[in-house]
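Below are the chains, spelled out letter by letter.
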Amino acid sequence: MEKRNRPLKNVKVELRHSPLALKVIMTVLIIFSMAALITLRWVHNGIREQTENLRSEAAAVEYANSELEEKTKNLGSVQSIQDIAKEELGLVDPNTVIIDPN
């Protein structure tokens, strides 16, 4: 096999008039491609927004989880039981004197 590495000389490029059907098909393809790109961009933005919302929800859940873990660690202590009785149940220490102004 013989390789030909000769430069191309005297090459003529002719531009012919393309048929109307080809122009229409190319125009439709370009419009369809642009519409597809716009749609993909819209979907991408929606997915990005959903991802940000889910990340913020996950951070809130992690924070609530850490608070619950802290509560469960101290749940068995006497001080914790007294705090729960005071804050959540409205109870008072039996040695506390309550003065009602009414």
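Data block above holds the structure.
Computed from a prediction, not measured in an experiment: that's the story for all the values here. (Residues numbered from 1 in each chain as written. Predicted model: local features only at pLDDT ≥ 70, side-chain atom pairs only at ≥ 80, totals over all residues. Heavy atoms only, no water.)

So, about the overall build of the protein. A tally of regular secondary structure across the protein gives two helices and zero strands. Residues counted as buried form 2% of the 102 residues belonging to the protein. Looking at the protein as shown, the accessible area adds up to about 10,600 Å², and 61% of this sits on carbon and sulfur atoms. (Helix = DSSP H or I, 4+ residues; strand = E, 2+ residues; numbered from the N terminus. Buried < 20%, exposed > 50% of the residue type's maximum accessible area, 1.4 Å probe, protein only. Areas by Shrake-Rupley, 256 points an atom, 1.4 Å probe, with all protein chains shown as cover.)

To continue, consider the side chain of Ser80. You can see Ser80 is positioned in helix α2 (residues 78-87). Take Ser80: its relative accessible area is 11%, and that puts it in the buried class. With residues near it in sequence (within four places) discarded, Ser80 still touches Asn74 and Leu75. (Contact = heavy atoms within 4.5 Å.)

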